[in-house]
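Residues per chain, in single letters:
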Amino acid sequence: MHWETLALDGGLVIDPTTKAIAPNISMSVNNLLAPGDGAFSADGVEDLTALPYLYARWTNPTVRQLEQRMAALEGADDALATATGLAAIAAMFLTCLKAGDHLIISDVCYAGASELARRILPDYGIEVTAVNMSRLDAVAAAFRPNTRLVHCESPCNPILRLTDLSAVAALAHQRDALVSVDSTLATPVATRPLSLGVDLVIHSLTKFINGHGDALGGIVCGRKQIVEKIRSRAGVYLGASLSAHSAWLIMRGIDTLFPRMRAVSDSALRLARFLDGHPGVKSVTYPGLDTHPQHALARRQMNAFGGILTFQTDAPQKMAIQLADRLRVVHYAFSLGHQRSIVVLLDTNEMMTSTYGLKGASLDDYRAFAGDGVFRLSVGLESVEDIIDDLDQALR
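This structure is a prediction, so every number in the text was calculated from the model and none was measured.

A. Representation of helix H15 (residues 384-395). Across its 12 residues, H15 extends 16 Å between first and last C-alpha, which sits within 8% of the 16 Å expected from 1.5 Å per residue. Three or more residues of H15 are buried, namely Val 384, Ile 387, Ile 388, Asp 390, Leu 391, Ala 394 and Leu 395. Buried residues along H15 cover an arc of 165° about the axis, so they all sit on one side. The inward-facing, buried residues of H15 contact helix H10 (257-276), strand E9 (308-312), helix H12 (316-326) and strand E12 (373-378).

Given below as structure tokens:
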């Protein structure tokens, strides 16, 4: 099947009784079993998904359909769905790493992942090095004999810097390390990292994949052996199970993922070009623009350029107040990937203090994309002409 078809039919189970095509919601926590079925512990169970459905924290029919749908879209053997995107990242970190191991992480990535890695993992004896993933020489230099995992994000949130996934995967595999990538901003419409040599793909399903701003969720996709290890440890014992209702909502969103992402990508490119010439805007960053410093990599690695762009203005704090007051179509709010357009200021000094703590050349690299702060614009499904008119009047 083509990818567009898999977005609709991957993992789809027709109800055997009613013949309903839309996925059912199985809200039951418990399932009947025969004596001797199942297991009381996940220890020693090679494949939890091969067991009968027993208890919703372990496996659930609706959640399982979502996992199969996402595995199909990523070209993966299997997937584990979790309550949030950060829960998926935590599940991976706490399964693939132990005391004495070393993690290399992108120095700019989702704030929750960055803070978890750099503030919490060292408490458990895990060494962490943050590095600019766009500098392959720096990535290569960061490896140690105990490096077990390299975690990337492409495009990275919030500055839209890219990682050459094939090159980083080659570096890691030469040293027997795994590679994971948070592909939330790209989605499988733009990039399928497993085809580029990556071992594990993470998504915050809350964002573009759900696409409606009404359900939290996360997922990790990859080889069956690795995913089952994550499921049997973190999926069972950390308790970050995805609810059946959220899984159903997210599958509803996946049905329209390809047309939605193509629509927002087209709109984002038009908006980027408009803002690039706006008198109230200093600069614009979008992988689809020729001016993006990694545009050639974007064209090679992405089938669409995504629904996120950033722009800079003079006096960003003052402009943030102005935008929040004047915008009528675009909403001033956090999060991204919803059906409605959302913009928010991410102040560079605040980001350094709260999350990244970059200094010297690393801070210079960040400022090359962000200056004193960027407005992150998540493009929605409104008429692009209405978004342009709204931004135009609000920026003046």
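B. Examining the nonpolar core more closely. Core analysis: the biggest nonpolar cluster contains 50 residues, and Leu 66, Met 70 and Val 150 have the highest contact counts within it. Two domains each put at least three residues into this core: domain 1 (3-252) and domain 2 (257-395). When near neighbours in sequence (up to four residues on either side) are disregarded, Leu 66 contacts Ala 81, Leu 205, Ile 219, Leu 242, Ala 247, Ile 250, Met 251 and Ile 254. Judged by nonpolar contacts, the second largest core, of 27 residues, contains Ala 268, Tyr 286, Leu 327 and Phe 375.

C. Here's a closer look at the sheet that holds strand E10 (residues 331-332). Spatially, the five strands line up as an open sheet ordered E8-E9-E12-E11-E10, and their pairing is mixed. Of all the strands in the sheet, just strand E8 (283-285) and E10 have a single pairing partner and so form its edges. Pairing analysis gives six bridges linking strand E11 (residues 342-347) to E12, with the strands arranged antiparallel. Its bridge partner being in E12, Leu 346 is matched across the sheet by Val 374. Sheet contacts for helix H13 (residues 348-356): E11 and E12; angle to E11, the most-contacted strand, approximately 75°.

D. Local environment of the side chain of Ser 154. Within the secondary structure layout, Ser 154 lies in the loop between strand E4 (147-153) and helix H6 (165-174). Here the side chain of Ser 154 touches Thr 163 through a polar contact of 3.1 Å, landing on its backbone nitrogen. If near-sequence neighbours (up to four positions away) are discounted, Ser 154 is found in contact with Leu 162, Thr 163, Leu 165, Val 181, Asp 182, Ser 183, Ala 186 and Gln 301.

Quick notes on the rules
- Residues numbered from 1 in each chain as written.
- Predicted model: local features only at pLDDT ≥ 70, side-chain atom pairs only at ≥ 80, totals over all residues.
- Heavy atoms only, no water.
- Helix = DSSP H or I, 4+ residues; strand = E, 2+ residues; numbered from the N terminus.
- Expected span 1.5 Å × (residues − 1).
- Buried < 20%, exposed > 50% of the residue type's maximum accessible area, 1.4 Å probe, protein only.
- Arc of directions from axis to C-beta.
- Contact = heavy atoms within 4.5 Å.
- Core = buried A, V, L, I, M, F, W, Y, C linked by side-chain atoms within 4.5 Å.
- Domains from an automatic or database assignment.
- Pairing = 2+ DSSP bridges.
- Axes fitted to C-alpha atoms, helices over the stretch in contact; angles between N-to-C directions.
- Polar contact = N/O pair within 3.5 Å; in protein donor to acceptor, adjacent residues only side chain to side chain.

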